[in-house]
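# Commentary on secondary and tertiary structure
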Amino acid sequence: DAGVTQSPTHLIKTRGQQVTLRCSPKSGHDTVSWYQQALGQGPQFIFQYYEEEERQRGNFPDRFSGHQFPNYSSELNVNALLLGDSALYLCASSFYPSGGNEQFFGPGTRLTVL
Amino acid sequence: GEDVEQSLFLSVREGDSSVINCTYTDSSSTYLYWYKQEPGAGLQLLTYIFSNMDMKQDQRLTVLLNKKDKHLSLRIADTQTGDSAIYFCAESPLNQAGTALIFGKGTTLSVSS
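Report follows, based on the coordinates. The model shown is predicted, which means the values in this text are computed figures rather than measured ones.

Let's shift gears to the side chain of His29(A). All names here are of chain A. Inspection of the secondary structure puts His29 in the loop between strand S3 (19-24) and strand S4 (31-37). Take His29: its relative accessible area is 10%, and that puts it in the buried class. In this structure the side chain of His29 is engaged in a polar contact, spanning 2.7 Å, whose partner is the side chain of Ser93. Here the side chain of His29 touches Ser94 through a polar contact of 3.3 Å, landing on its backbone nitrogen. Once residues lying within four places of it in the same chain are set aside, the contact partners of His29 are Tyr72, Ser93, Ser94, Phe95 and Phe104.

Here you go:
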């Protein structure tokens, strides 16, 4: 049973560019959440998708957008990249409703903005 | 507001017990979690506890919850060098819309042989 997968593993972009990150959830999961983890910090919640809709959003600007597809996979898009967007982007999947809200994380995509 | 606080660093000797502490702020949180992150990797869910429980034990791991003080701890018995990692505490505040996790900054556990 494959766990949560993310692509690409690493990415280097320049300021002002746009980037798309991809996530495939664990088999049987229908909810995908995205988190940003800056160096030395804990993950920060960006948004969560369920039934192809954004159901909750953290404190991130509109430059961050997402999408969920009918097969439950998801994309995170970031426009007009800033140096401060450099971070590890983590995708987590879960099943809703789940008694424990157990979220399982992928290995992440390391984004470097130059 | 939502905030989770942890001490930043803990150093123990192999074979000793480790205790990692965490305080959280949202009394609506129904579940509290412990995740482990090894260098260059994603987060691994270690265990979680429901807010109406005081304690949960899972092999070498023991979670204690003091809901009155909003204090959570993770005890690792017989700590091994493979336990060296960053440990994150997280809460899941009650929210009609979704189930976001709020993380602390993490505690780096260093185990020496």
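Turning our eyes to something else, we now look at the interface of chain B and chain A. Counting from both sides, the interface comprises 20 residues of chain B and, opposite them, 21 residues of chain A. When chain B packs against chain A, close to 1,700 Å² is buried across both sides, 50% of that on carbon and sulfur atoms. When the buried surface of chain B facing chain A is broken down by residue, Leu43(B), Thr99(B) and Phe103(B) rank first, second and third, together holding 27% of it. Scanning the region where chain B abuts chain A turns up 0 salt bridges. At the boundary of chain B and chain A, one finds 11 residue pairs in polar contact (both at pLDDT 80 or more). Listing elements by their share of the side of chain B that touches chain A, those giving two or more residues are strand S4 (31-37) and strand S5 (43-50) of chain B. No other element matches S4(B), which puts 4 residues into the side of chain B that touches chain A. A per-class count over the side of chain B that touches chain A returns 12 nonpolar, 7 polar and 1 charged.

Residues and elements named next belong to chain A. Throughout the structure, instances matching the rule amount to 6 salt bridges over all chains. Its salt-bridge partner being Asp85, residue Arg63 comes within 2.9 Å of it at the nearest N-O pair. Placement of the pair is Arg63 in the loop between strand S6 (53-57) and strand S7 (64-68) and Asp85 in the loop between strand S8 (74-78) and strand S9 (87-94), with a sequence separation of 22 residues.

Turning to the sheet that holds strand S8 (residues 71-76) of chain B, a few remarks are in order. All names here are of chain B. An order of S1-S3-S8-S7-S6 is seen for the 5 strands of this open sheet, with the pairing classed as antiparallel. Because the sheet does not close on itself, it has two edges, and the strands there are strand S1 (4-6) and strand S6 (55-58). Here the average twist between neighbouring strands, direction ignored, is 15°. When strand S3 (residues 18-24) meets S8, the two strands line up antiparallel, connected through 6 bridges. Across the sheet, residue Asn21 finds its bridge partner in S8, namely Ser73.

Thresholds applied
- Residues numbered from 1 in each chain as written.
- Chains lettered and ligands numbered in written order.
- Predicted model: local features only at pLDDT ≥ 70, side-chain atom pairs only at ≥ 80, totals over all residues.
- Heavy atoms only, no water.
- Helix = DSSP H or I, 4+ residues; strand = E, 2+ residues; numbered from the N terminus.
- Buried < 20%, exposed > 50% of the residue type's maximum accessible area, 1.4 Å probe, protein only.
- Polar contact = N/O pair within 3.5 Å; in protein donor to acceptor, adjacent residues only side chain to side chain.
- Contact = heavy atoms within 4.5 Å.
- Buried area = accessible area lost by both parts, 1.4 Å probe.
- Salt bridge = Lys/Arg side-chain N within 4 Å of Asp/Glu carboxyl O.
- Nonpolar A, V, L, I, M, F, W, Y, C, P; charged D, E, K, R; others polar.
- Pairing = 2+ DSSP bridges.
- Axes fitted to C-alpha atoms, helices over the stretch in contact; angles between N-to-C directions.

None of this, on its own, says anything about what the molecule does.
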